[in-house]
Amino acid sequence: MIRVSNREFRQLMRILSKRCVLWTEMVVDETIYYCSRSKSSASGTINREKVNVHLDYDQSVENPIVCQIGGINTVHTAFTSKVMVEDYGYDEVNLNMGCPSDRVSGKEFGAVLMKQADRACELVKTLKENCENTPISVKLRIGVDDDEDFEFIRILIQRLQDAGCQRFYMHARKVH
C-alpha cells in the first residue's frame with residue numbers, strides 16, 4: 001500500500017463508496033518519532049509540519065480510517081501510536097505484520113514479525129496501552145517461509161489477541 005493508498009487515492013475511494021474503511025500507507029514509527037523531534041521542537045512540542053506529511057488526512061472526508069504502523073521499537077511505537085490517536089484521531093491502529101518487502105523486512109518489521117512473536121506481542125501491548133479506546137488490529141499472512149500450517153497461525157493469533165489485538169486482517173497467501 002506504500003505509494004498507493006495516499007490521500008488522493010483515499011479520497012477517490014471515498015467518492016466511489018461512503019461505506020468503505022480507508023487505510024493509510026504504512027507509517028514507520030521511527031520516521032514519526034525522529035521527524036517530530038527536529039530542532040524546532042526542542043521545547044518538547046511536536047513538529048507538526050514534518051509529522052503532517054505522514055499522518056494528516058481530511059477528517060471530513062476520509063473517516064473511517066485505519067492508520068497502519070510499521071516498527072520494532074516499543075518506544076517509537078508508543079510515541080507514534082499516541083500521536084496517531086490523540087492528535088490525529090484515527091479510528092483504528094493497525095500493526096503491519098504482512099509486508100514482504102525486502103526494504104521493510106531488512107529493518108526487522110513487516111512480515112518478519114510473524115517469526116518474532118514475542119516482539120510482535122510487545123508491540124501490540126504497547127499499542128493497546130497508548131490507544132486505550134481505539135481498536136488495535138494486526139495485518140498478517142497465512143504463513144511465512146516454512147511456517148505455514150494452521151497450528152502456527154492459530155498460536156500466533158492467540159498470542160496477539162492475548163496481548164490486546166482486537167481485529168485481524170489476513171492476506172490469503174504466505175511470505176517467502
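Structure shown above.
Counting from 1, residues in each chain are numbered in the order their sequence is written. Totals for whole chains, interfaces and linings use all residues, but because this is a predicted model, local features are given only for residues with pLDDT of at least 70 and pairs of side-chain atoms are given and counted only at 80 or more. Remark: hydrogens and water are excluded; side-chain values derive from all non-hydrogen atoms of the structure.

K.L.:
Would you mind showing me how to read the packing of helix α7 (residues 117–130) against helix α8 (residues 150–163) here?
P.N.:
If you want to describe how two helices pack, look at the angle between their axes and the distance between the axes. Running from N to C, α7 and α8 cross one another at 30°; their axes reach a closest spacing of 8 Å. Taken as axis vectors, α7 and α8 run roughly parallel relative to one another. Judged by the twist between their axes, the crossing of α7 over α8 is right-handed. In this structure, α7 uses Ala117, Asp118, Ala120, Cys121, Val124, Lys125 and Lys128 to contact α8, whose residues at the interface are Leu156, Arg159, Leu160 and Ala163. Three classes are used: nonpolar for Ala, Val, Leu, Ile, Met, Phe, Trp, Tyr, Cys and Pro, charged for Asp, Glu, Lys and Arg, and polar for all others, with Gly counted as polar. Considered class by class, the residues forming the contact of α7 with α8 number seven nonpolar, no polar and four charged. Angles here are taken between N-to-C directions and fall from 0 to 180 degrees, while the axes themselves are lines fitted to C-alpha atoms, restricted in helices to the stretch in contact. In this description a helix means any DSSP run of H or I spanning at least four residues, a strand means any run of E spanning at least two, and both kinds are numbered starting from the N terminus. Angle categories: roughly parallel below 35 degrees, roughly antiparallel above 145, roughly perpendicular from 65 to 115, and oblique for all the rest. Helix crossings get a hand from a simple test, with the near helix turned counterclockwise from the far one by less than a right angle marking a left-handed crossing and a clockwise turn marking a right-handed one. In this analysis, two residues are considered to be in contact whenever any of their non-hydrogen atoms come within 4.5 Å of each other.

K.L.:
So what exactly am I meant to see when it comes to a nonpolar patch on the surface here?
P.N.:
Patches draw on residues past 30% relative accessible area with no salt bridge. Two like charges within 9 Å are joined, as are two nonpolar side chains (Val, Leu, Ile, Met, Phe, Trp, Tyr) within 5 Å. Surface accessibility in these figures is a Shrake-Rupley result with a 1.4 Å probe; residues are shielded only by whichever protein chains are displayed. Every case where a carboxyl oxygen of Asp or Glu lies within 4 Å of a side-chain nitrogen of Lys or Arg is listed as a salt bridge. On the surface, a nonpolar cluster with roughly 340 Å² of combined accessible area is contributed by Leu12, Ile15 and Leu16. Its place among the elements puts Ile15 in helix α1 (residues 7–16).

Note that all results are geometric; they support no functional claim without further evidence.
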